[in-house]
Each structure stands twice: as structure tokens, then as C-alpha cells.
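# Coordinates in review
Given next are the chains, with one letter for each unit.
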Amino acid sequence: VEVKKSSVVPELHGAVPARRYQGVLTSAEIARIRHNLKLTPDQEPSWPPVEAALGEMGRQQITQIRHGQEPRISQTEWPPGRLYSVAGPLLRTLRPDQKDAVRRLCRSLGFESVASML
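How each quantity is defined
- Numbering of residues starts from 1 in every chain and runs along the sequence as written.
- Thresholds applied to this predicted model are a pLDDT of at least 70 for local features of residues and 80 or more for the giving and counting of side-chain atom pairs; totals over whole chains, interfaces and linings are not thresholded and use all residues.
- With hydrogens and water excluded, all non-hydrogen atoms of the structure serve as input to the side-chain values.
- Points on a 1 Å grid over protein atoms alone make up a cavity when a 1.4 Å probe fits among them but cannot get out, and a pocket when they form an open set with protein on both sides within 12 Å along at least five of seven lines; lining residues each have an atom within 4 Å of a point.
- Grid points are joined across faces, edges and corners, and a volume is the space filled by probe spheres set on the points.
- Residue type decides the class: Asp, Glu, Lys and Arg count as charged, Ala, Val, Leu, Ile, Met, Phe, Trp, Tyr, Cys and Pro as nonpolar, and the leftover types, Gly among them, as polar.
- Each salt bridge in this description consists of a side-chain nitrogen of Lys or Arg and a carboxyl oxygen of Asp or Glu lying within 4 Å of one another.
- Burial here depends on accessible area, computed with a 1.4 Å probe over protein chains only, as a share of the maximum for the residue type. Under 20% is buried, over 50% is exposed, and the range in between is partly exposed.
- For helices the rule is a DSSP run of H or I covering at least 4 residues; for strands it is a run of E covering at least 2, with both sets numbered from the N terminus onward.
- Think of it as the arc spanned by the lines of direction from the helix axis to the C-beta atoms.
- By definition in these notes, contact holds between two residues if any of their heavy atoms fall within 4.5 Å.
- For the purposes of this section, nonpolar cores are sets of buried Ala, Val, Leu, Ile, Met, Phe, Trp, Tyr and Cys residues that join through side-chain atoms within 4.5 Å.
- Note on aromatic pairs: the rings of Phe, Tyr and Trp (six-membered ring only in Trp) are paired at centre separations within 6.5 Å, and the planes decide the class, stacked below 30 degrees, edge-to-face beyond 60, tilted for the rest.
- In this analysis the charged atom, NZ for Lys or CZ for Arg, is taken to sit over a ring once it is within 6 Å of the ring centre and within 35 degrees of the ring normal.
- Only the stretch in contact is used when fitting a helix axis, every axis being a line fitted to C-alpha atoms; angles between N-to-C directions are given from 0 to 180 degrees.
- A crossing counts as left-handed when the near helix is turned anticlockwise from the far one by less than a right angle, and as right-handed when that turn is clockwise.

Bringing empty space enclosed by the protein into the picture now. Enumeration over the complete set of coordinates arrives at one cavity of 30 Å³ or more. Lining of the largest cavity is provided by 16 residues; of these, V50, L54, A87, V102 and L105 occupy positions nearest its centre. A per-class count over the lining of the largest cavity returns 16 nonpolar, no polar and no charged.

Our focus in this paragraph is the pattern of salt bridges. The tally for this structure, following the rule as stated, stands at six salt bridges. When the shortest N-O distance is used, the salt bridge between R107 and E112 registers 3.0 Å. When its relative accessible area of 42% is taken as the criterion, E112 is described as partly exposed.

Let us now look at the environment of K38. Summarising the element assignment, K38 is placed in the loop between α1 (27–37) and α2 (47–66). The exposed category is assigned to K38, whose relative accessible area is 54%. Expressed as a C-alpha distance, the spacing of K38 and D97, which sit 59 residues apart in the sequence, is 9.9 Å.

Here we take up α1. Taken together, the buried positions of α1 are E29, I30, I33 and L37. Burial along α1 is one-sided: seen end-on, the buried residues are contained in an arc of 100°. In α1, the exposed positions that point more than 90 degrees away from the buried face belong to A28 and H35. Check the buried side of α1 and you find it contacts α2 and α4 (96–108). Phi turns positive, to about 50°, at K38, one or two residues after α1.

Formed by 24 residues in total, the largest nonpolar core has its most connected members in L25, W47, L54, M57, I73, W78 and F111. Where this core is concerned, the elements lending two or more residues are α1, α2, α3 (80–91), α4 and α5 (112–117). In terms of residue count, the dominant contributor to this core is α2 (five residues).

To continue, consider the packing of aromatic side chains. Under the counting rule described, the total for this entry stands at zero aromatic pairs. One cation-aromatic arrangement involves R82 over W78; the distance from NZ or CZ to the ring centre is 3.6 Å.

Our focus in this paragraph is the packing of α1 against α2. Closest axis-to-axis distance for the α1/α2 pair is 10 Å, and the angle between their directions is 145°. Here α1 and α2 pass one another in a crossing that is right-handed. Contact residues: I30, I33, R34 and L37 in α1; W47, E51, L54 and G55 in α2. Tallied by class, residues from the contact of α1 with α2 come to five nonpolar, one polar and two charged.

Dropping the structure here:
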């Protein structure tokens, strides 16, 4: 019995691009970010909107990959003010070490202006 490989790439959850792209916000990468932040119980309630925004960005990146494009987060769709307004409640509660981690993440995603707001 011959098994044909599907040309359809699975949705973001569990999607593994044919080649690895740095900075692609897969569900595993978002979980890693959360883990590395070591959120306190008081900070946890502010995480879901940030997680949802990162997930939306990741879905946009996966779509770009599927179309043979480099995965970039659109500054038009995600202007720094929009991202900051979503993440603001969490950002205001972060410890200095957490802020450093978020700055590095923002810079790696091309959000230097958000990083400078912290």
C-alpha cells in the first residue's frame, strides 16, 4: 500500500516547517517564552491576551511560510502601539529580569520600539 504525503501543512499547533525559521511563534515557542518568563501567580491572569496576540502573529508567520515567504511580523498589522496595549498589563508587573527577557524577544521579532518602552 502506497501512502501519499499530504501537501497540506497542518495548522499552527503541531506545524513543523520544512526548514527551521528563527523567531517563528509556534505554539511550542510561545510555551517556551511563557516558561522562560517564570510568571508569578499574580502575573498569570495577564498572560492570556499576550499569548493570544503571539498566537495570531505566529499564524501570520505560518501563512507566510506556506506561501514561500520569509516569516515577518507585519508592522502594519501589528504596530508597536497595538502590541504594547495588549501586553501592557503584563509588562507593568514584570521584574527586571523578566523585562530583560521581553526586551530580547521584542528585538528578535523586530519590535525595537516596544523593547525601548520597557
